[in-house]
Structures are given as structure tokens and as C-alpha cells.
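Survey of secondary and tertiary structure
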Amino acid sequence: MIRAFHRWPGLLALALVTLLALSGAALSVFPAAEQLAAPQASADLSVATLAGRVQAAYPGVEQIRRAPSGRITAYWFDQGTPGAAVVDPATGQGVASADPGQVQRWLTGLHRSLFLGDGGRLAMAAGAAAMLVLSLSGVALVARRTGGLRHWFTRLRGPLAGRLHVEIARIAVAGLLLSSVTALWMAASTFGLLPETGGAPAFPAAVSGQTGIAPAQIVTLTQTPVSTLRELSFPYPGDATDAFTLKTDRGTGYLDQGTGALLAWADLTAWQRMTETIYMLHTGQGAALLGLMLGLMALGVPVMAGTGVALWLSARRGRPRIRDNQPASQAETILLVGSEAGSTWGFAATLHEALTRAGQTVHVGPMSDFAPETYGRARRILLFAATYGDGAAPASAAGFLDRLERATPLPEIPMAVLGFGDRSFPAYCAFANAVTSAACAKGWEALLPPDTVDRQSPQDFARWGRALGQRLGLPLELSHQPVAPRTQTLTLLSRRDYGAEVQAPTAILRFALPRQSLWQRLTGAGFARFSAGDLIGILPDDGAAPRLYSLASGRRDGFVEIVVRKHPGGLVSSRLTALHPGETVTAFLRPNPGFRPGRGKAPLILIGAGTGIGPLAGFLRANRRRPVHLFFGMRHPDSDFLYHSEIADWQAQGRLTRLVTAVSRGVKPHYVQDALHAEAAQVTQLIREGARVMVCGGRDMAAGVTEALAEILAPSGLTPAMLKAGGRYVEDVY
């Protein structure tokens, strides 16, 4: 429900909210510029002295106004012609035009009413209301994702668009809340929806009838500093019944134009002060620094709008449309999905359809919406939990474990957990296992024993479905057809072959970058945006499951490069290693944001063996300023020293600080873990300095590296687990 409150105002009012934010950000500059440009009055200057100076310069002066920025403007009539100027309080002479300027007037008209009068004001008020809903729902969603307000600035994981959206929101939301609330207040005031704020005191019934007193002789004006002045209006010439009108930060009063006596006075009411404070908070008038800060926060709105649309489109692509999805409060079966790339939603849709046909009422939603207190009619909870990266919760399951921990009291609803993953990865279904453990620790009744689906296997899913059907007493047959990813054709440009001498044929394959449509470039779909370390899926000719390879290049390199070793009986590797330039393969891209070097200047320790050098080479090719230490294991330098010439060039260019190699087919077999032990002192020092460790290669190699680093770091009190928890130890293991 909260997601819907956040999504639809954002999509429906996207242009309006963006326009409000951009025009508001532009207008926020003017109060600061005005304060810097306007001559400022000295602290001891009185209104009487200022009025005398202005009157001497402009005998027909009618009014003197002081803006919150300190700018003083005089208005006068000269032989029937009106005039106005910004004046220097030191001389009373005009120094600049009082006209705010065409650009400022245009932006103000755009921001307030779209140049459409009351209709435009109503539209902009609707935009402010949408921004308020977005801000409040955004706070709730960020708190849900981070595990509560106490963890507001916790480290984020997931796709770039999602992380960028939340990172900006965490900083900008306070300013957007303030701007939207004050905008709605001002709109309500404009349309007369708020009580009257009160005004000047009643004009005195009797005056002296005298005229001609000089401002310097009026005691009230001599005692009023210019710093508190808002407005001084002079009596109408020749009208003995008129009076001076003085407005200050304290209130409004009338002064006799003959005697200078204070005829009447009214202090500002609390309501007036509140209204003026809201005006100041919204416009920045009188608080230029605050205005600039709010303007900077508003600049985040277009970025959040773009990333929000990208997330919505990604969710639509990855999440199938589920017909007859029941509200959570009305459903007998609650089916919650934790998915990163979206494939698990397809399995949920298949189960939803089967259960619905069997007469069940089913609600499907993300695991991040877990709220057992709202499941009033639920008889079972089913959790489809995929694993992200090294055992982390996927995007649509953010905060689930925290909410599970806080669930008290437990409803009497049995729960079943089905994990989705790839058994070739070390952290196979690790998040599903964590969910199962947490549920058991809470004492949650198990509907079924925990189970898994390997590599989106329809057979595994059907087997689990039969077990569920038996438990429910339903003839449940699940026939799931995974949705094929959107693919593109890649043409091989060149290849370099290695490893034949050690019976491990390996090739570096470079493909041409496929042409991208304008829409793909705007949304980042296809191969429009990728980095070294992302994954490319190659489809075999027989339509079996695709094989994933880590990319050795990024979009800026202008080509798609992978490193492939031929495996006996491997359909995809055999096909790839037999390719000749000009031939093609069918492929798709899968982001891998958990395996990136990250930003900053902290050192990198890259550890790889064999084809694991692929993404590490891509990181080196893109490196510009960080110290990088590469530990590379190979069988023999004469046969499979992958990227040998490039590595030499990268060292000469300063992209690679140090290379340490390990040869396993030499006189004395030497592996990367042995190389790490030999460099233990430097490795420990680098990690103490904040180095990030990145490991790529086979599972056995990665396990050996973890064990070696555990031994090396033990004297320093650090462990690989601690580094992983801090995001400083990441793996791409196969």
C-alpha cells in the first residue's frame, strides 16, 4: 500500500513536481544574490536618519521598504511621475533599479501559477500535495528498507538506480517535506482558506492637524533601528488628516505628521509571525543560506524522478501482471516474493494462477511488504526467496528479516520457504536459509520443510508444488515456463587463444558493441549501460539454460569482452571457443552491482586465477587513480598468462601498482593463496589502510584465498567475514 502511495503520485505528477522543484531551485538563488548585491545599513543607523537621507535625495518620497535581505527600496513621485530605486542607506541615493528583472519575474510566474492565473495556482498546489505524499511515503519506504529510522544512513546494496534514488532521498527528503508543507500553507492562504492574520491597528480617530515634522524629530523613528524596519509610508502631501505608517519586526503603528507622537500601535500576532516564518522558510527571503540548501535539495527531484521511472520500468519488465490478485487482508494464501532480477516473480505468477483455479484466494506481493498483523483471513504464508550476491536479501525483500524479528505476537499462520538460486555459487539460497532460521528462531510453524529451486528449474518447482498440493489437499500441478530474457546478437571481432599446451583451451573473445536504440540509451536497457564485472548470458543453440560469464569490459571501452575456457561437454563454452571473427552469438546482459570496485582512492587488492582475470582486467583498464595490487594465478606463463601485454602496459601507465603471479605447473607448484602468504605484511598493511579485496575465479580457489586471508589477518584482529560485512571483501565465484 505504501508503495502505491509513493508510485502513483510520482508517476501522475512527474512533470509538475519536477517543474516545481527546478523553478524553486532557480528562485532560491535570488535571495542570496540580492543579499550580496544590496548595500547594507550599519548596525547603528536609525529609521529617522535613513528617512531623512532618502527624503533629501527624493523630496517626493512616498514609501521606504526594507526587504528581509537588507535591500532598501524607495518609492516616490516626481512631478506626477512615479519612480523607484534601490538606495544606499549611507547616502539615500539610488544605486540600482528596483525592478526584480525579467528572469526572476518569469520564474516566479512559472513557479506560482504556470502563467495560468488561479487554475495554474491550483495545479501547482496539487504538485505540492503530490510532493508531500511522495516525501512522507518515501520516508516510510526508506525506513522499511534500512530497518528503521535509526538506520537511516545504513549502507545500501542493489541496482544503481535504486541506490541512487534512495541516497538522494535520504538527504533531500527533509527539505522537500518543508518546501511542500509551506507551499500548501501559502496556497491555502492565497485562496482564503486560512483565517485572517490580523492587520494594522485602527487608524486614529483624531490627529493634531499639524504637518511638516522632519523624520529626524520623531522620537519613535530615532529609536527604531533600520535592521528592524519593514516599511515606512509618508503622509499624503497636503492631507493634514493622514499620518506616517511604520511597520517593523514587532508590529505596525501610526505617527502624527505634525507632532511625531505615536497615535496607535499593534504588535504582530502569533498567527502573523507563523505566517511570516512559513513565507521565509519557503522563499528563503531572510534566510538565504536555508533557501540555497532547499534549492540544492530540490535539484535532487529530477534525478529521483528519472531513477524512479527507471525502477518502475524495471519492475514492470521483471514482474508479470498478476490477474485477480487479492488484497492481503482478504486472502487465504499470502505469497511473498524476494527477487533481484525479477525471474522469481514468474514462479509466483504460476503458483497464483494454479491456486486461484483451485478455488483459493491469493495475494502476491514483495517480501518487503511483510505485515502479518494485516493478514486477517490468511491460512498460510508462502515465501519465494531468491539470494542476492553473497547471501544478501534481494531488492524486493529489503527489511524483511527485521520485520520478521519484530513480529509479536506471532499469528497462528504456518509458513513455507522456497529458495531460488544457482547451486554453482557458494552462497546458494543463503538468504532463504537465513529466512528459515529466523522463522524457526521465532517459533513460526512450518507448513512444509524448506526447499530450493536450482537455476530456475521447472522440474524442481513442480516437485515442490506437488508437495504443497498434498499438504493442502489440492491436486496442484505447476507447469512453469521461465520467461526468456530479451537478447541481442553479438558479432565476434577478434579472439586470442591460450592454454593449449596445458590442455586448458582458453580464449579472450571481443565482440562488437551492438547498436542501441534511443530508448535503450535513455533507460539503460540492453547493452546501453554496463561495467566490467557485470554478467553476460550466452544462450546455447539447443535452448537450454544460459551460461553466465563475467564481463572484462565496460560500456566506455566500446566493445564486449569475455574470457572463456572450454569445458569438456560444455555446450556454451565449446560453441564460444569455436567462434571465428564475423560469427555471432545470442546474449543478454545481467547487472552485477555487488561486484564493482566502488569509488574512492582506497587501494584495491585484486585476486584471480585462470579466467577469473576477466573482470579484474576490466577494472584495471578503467582505473585512473587508485593503487591496485593484482595477484594472478596461472598454470604456466608460456601458455596461459592472460592479458600479458596489456598488464605490462597498465603497469607503465600507472593503472596497476604491483603484479604478483603464482604458477601452478612450475617446478614448485605455487597458488594465489601461497602468493598472499608470501606478501602477508603488505596485504595486512593495505587492508589496514582501507583496501577493498575482490576475488574472481573458481570456488576452490576462492575458498583457499579466504582461508589464507583469515590466517594472514588474524594477528591484526580482522577476519574476511568482517571485511565482507563492511563491503570490503567481494567475490565473483563459479
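What this report covers is the structure whose coordinates are included nearby. Only a predicted model underlies this, so the values are computations on that prediction, with no experimental measurement involved.

**With respect to the overall build of the chain**
The secondary structure content of the chain amounts to 24 helices and 24 strands. Overall size of the chain, expressed as C-alpha extent along the three principal axes, is 115 × 70 × 55 Å. Taking all 734 residues of the chain together, the buried fraction comes to 47%. For the chain, restricting intrachain contacts to residue pairs at least 6 apart in sequence, the fraction spanning at least 24 positions comes to 69%.

**Observations concerning the pattern of salt bridges**
Pairing is possible between side chains of opposite charge, provided their charged atoms come close. Scanning the entire structure with this criterion turns up 20 salt bridges. A salt bridge links Arg230 to Asp249, with the nearest nitrogen and oxygen atoms 3.0 Å apart. On the criterion of sequence distance, the pair formed by Arg230 in strand β5 (residues 229-233) and Asp249 in the loop between β6 (243-248) and β7 (251-256) is long-range, its members being 19 residues apart. For Arg357, the salt bridge identified is with Glu353, shortest N-O distance 3.3 Å. Of this pair, Arg357 and Glu353 both sit in helix α12 (residues 343-357), four residues apart, which is roughly one turn of that helix. A relative accessible area of 60% places Arg357 in the exposed class. Look at the salt bridges and you will find they share partners, linking Arg230, Asp249 and Glu276 into a network.

**Some remarks on the environment of Glu276**
As for its position among the elements, Glu276 is in helix α9 (residues 270-283). Measuring from C-alpha to C-alpha, the distance between Glu276 and Arg529 comes to 48 Å, with 253 residues separating the pair along the chain. Beyond its immediate sequence surroundings of up to four residues, Glu276 is in contact with Arg230 and Leu268.

**Concerning the environment of Pro394**
Inspection of the secondary structure puts Pro394 in the loop between β11 (380-386) and α13 (400-406). Using a relative accessible area of 2% as the deciding quantity, one classes Pro394 as buried. For the pair formed by Pro394 and Glu340, sequence separation is 54 residues and the distance between their alpha carbons is 4.8 Å.

**Description of the sheet that holds strand β10 (residues 362-366)**
Here five strands make up an open sheet; going across it, the order is β10-β9-β11-β12-β13 and the pairing parallel. The open sheet has two edge strands, β10 and β13 (451-454), and neither has a second partner. Direction aside, neighbouring strands of the sheet carry axes that sit 20° apart on average. Alignment of strand β9 (residues 333-338) against β10, held across five bridges, turns out to be parallel. Its bridge partner lying in β10, Leu335 is registered against Val364. Those strands touched by α12 are β9, β10, β11, β12 (415-421) and β13, and its axis lies near 170° from that of β10. Helix α14 (residues 430-442) rests against β11 and β12 of the sheet, and its axis sits at about 160° to β12.

**Things to note about the packing of helix α2 (residues 14-27) against helix α5 (residues 102-113)**
Closest axis-to-axis distance for the α2/α5 pair is 9 Å, and the angle between their directions is 150°. The interaxial crossing formed by α2 with α5 has left-handed handedness. Packed against α2, whose contacting residues are Leu19, Leu20, Ser23, Gly24, Ala26 and Leu27, the element α5 presents Gln104, Leu107, Thr108, Leu110 and His111 at the interface.

**Overview of the nonpolar core**
Judged by nonpolar contacts, the single largest core of 27 residues is most densely connected at Leu351, Phe384, Phe461 and Trp464. Put simply, the parts of the chain that give this core at least two residues each are β9, α12, β10, β11, β12 and α15 (458-472). Broken down by element, the residue count for this core peaks at seven residues, all from α12. Counting residues in hydrophobic clusters, the runner-up holds 26 residues, among them Leu616, Leu620, Leu642 and Met694.

**What to know about unusual backbone geometry**
At Asp324, a residue that is not glycine, the phi angle is positive and equals roughly 60°. A positive phi angle, near 55°, is found at Cys429, a position not held by glycine. Residue placement: Cys429 occurs in the loop between β12 and α14. What makes Cys429 buried here is its relative accessible area of 1%.

**What to know about helix α18 (residues 613-622)**
Side chains that are three or four residues apart share a direction in an α-helix, a result of its 3.6 residues per turn. A large share of α18 lies buried, amounting to nine of its 10 residues. Buried within α18 are the following residues: Ile613, Gly614, Pro615, Leu616, Ala617, Gly618, Phe619, Leu620 and Arg621.

**Topic: the pairing of β5**
The buried count for β5 comes to four of five residues, which makes it a mostly enclosed element. As paired strands, strand β1 (residues 61-66) and β5 are joined by three bridges and run antiparallel to one another. Residue pairing in the sheet places Arg65 in a bridge with Glu231 of β5.

**Concerning the sheet that holds strand β22 (residues 658-663)**
Spatially, the five strands line up as an open sheet ordered β22-β21-β20-β23-β24, and their pairing is parallel. This sheet does not close on itself; its edge strands, each paired only once, are β22 and β24 (729-733). Going across the sheet, the axis of each strand differs from the next one's by a mean of 10°, ignoring polarity. In terms of strand pairing, strand β20 (residues 604-609) meets strand β23 (residues 692-697) through five bridges, oriented parallel. Pairing of Leu606 across the sheet is with Met694, part of β23. α18 contacts β20, β21 (628-634), β23 and β24 of the sheet and is inclined by roughly 150° relative to β20.

**Observations regarding the pairing of β23**
The two faces of a sheet get side chains in turn, since along a regular strand they alternate between them. In terms of burial, β23 is a largely internal element, six of the six residues being buried. On β23, burial covers both faces: Arg692, Met694 and Cys696 on one face and Val693, Val695 and Gly697 on the other are all buried. Across five bridges, β23 lies against β24 in parallel orientation. Following the sheet pairing, Val695 is matched in β24 by Glu731.

**Concerning the side chain of Glu561**
With respect to the element layout, Glu561 can be found in strand β18 (residues 559-565). Classification of Glu561 as buried rests on a relative accessible area of 1%. Within polar-contact distance, the side chain of Glu561 engages the side chain of Arg510 at 2.7 Å. Excluding its chain neighbours within four sequence positions, the residues that come into contact with Glu561 are Ile508, Leu509, Arg510, Ser550, Leu551, Ala552, Ser553, Arg621 and Tyr643.

**Section: the environment of Val86**
In this structure, Val86 sits in strand β3 (residues 81-87). Residue classification places Val86 among the buried positions, given a relative accessible area of 4%. Through-space distance from the C-alpha of Val86 to that of Leu232 is 15 Å; in sequence the pair is 146 residues apart.

**Let's talk about the packing of aromatic side chains**
This structure, assessed with the given rule, holds 18 aromatic pairs. Judged by centre distance (6.1 Å) and plane angle (50°), the rings of Phe370 and Trp444 are tilted. In this pair, Phe370 is assigned in the loop between β10 and β11 and Trp444 in the loop between α14 and β13, connecting sequence segments 74 residues apart. Taken as a pair, Phe370 and Trp444 share a single burial class, namely buried. Here the aromatic cluster, defined as three or more aromatic residues joined through ring pairs, consists of Phe347, Phe384, Phe420, Phe461 and Trp464. Of note, Arg65 hangs over the ring of Tyr75, and the distance from its end group to the ring centre comes to 4.8 Å. The ring of Phe559 has Arg510 sitting right over it, with the charged end atom 3.7 Å from the ring centre.

Rules and cut-offs
- Residues numbered from 1 in each chain as written.
- Predicted model: local features only at pLDDT ≥ 70, side-chain atom pairs only at ≥ 80, totals over all residues.
- Heavy atoms only, no water.
- Helix = DSSP H or I, 4+ residues; strand = E, 2+ residues; numbered from the N terminus.
- Buried < 20%, exposed > 50% of the residue type's maximum accessible area, 1.4 Å probe, protein only.
- Contact = heavy atoms within 4.5 Å.
- Salt bridge = Lys/Arg side-chain N within 4 Å of Asp/Glu carboxyl O.
- Pairing = 2+ DSSP bridges.
- Axes fitted to C-alpha atoms, helices over the stretch in contact; angles between N-to-C directions.
- Left-handed = near helix turned anticlockwise from the far one by under 90°.
- Core = buried A, V, L, I, M, F, W, Y, C linked by side-chain atoms within 4.5 Å.
- Polar contact = N/O pair within 3.5 Å; in protein donor to acceptor, adjacent residues only side chain to side chain.
- Phe/Tyr/Trp six-rings, centres within 6.5 Å; stacked < 30°, edge-to-face > 60°.
- Lys NZ or Arg CZ within 6 Å of the ring centre and 35° of its normal.

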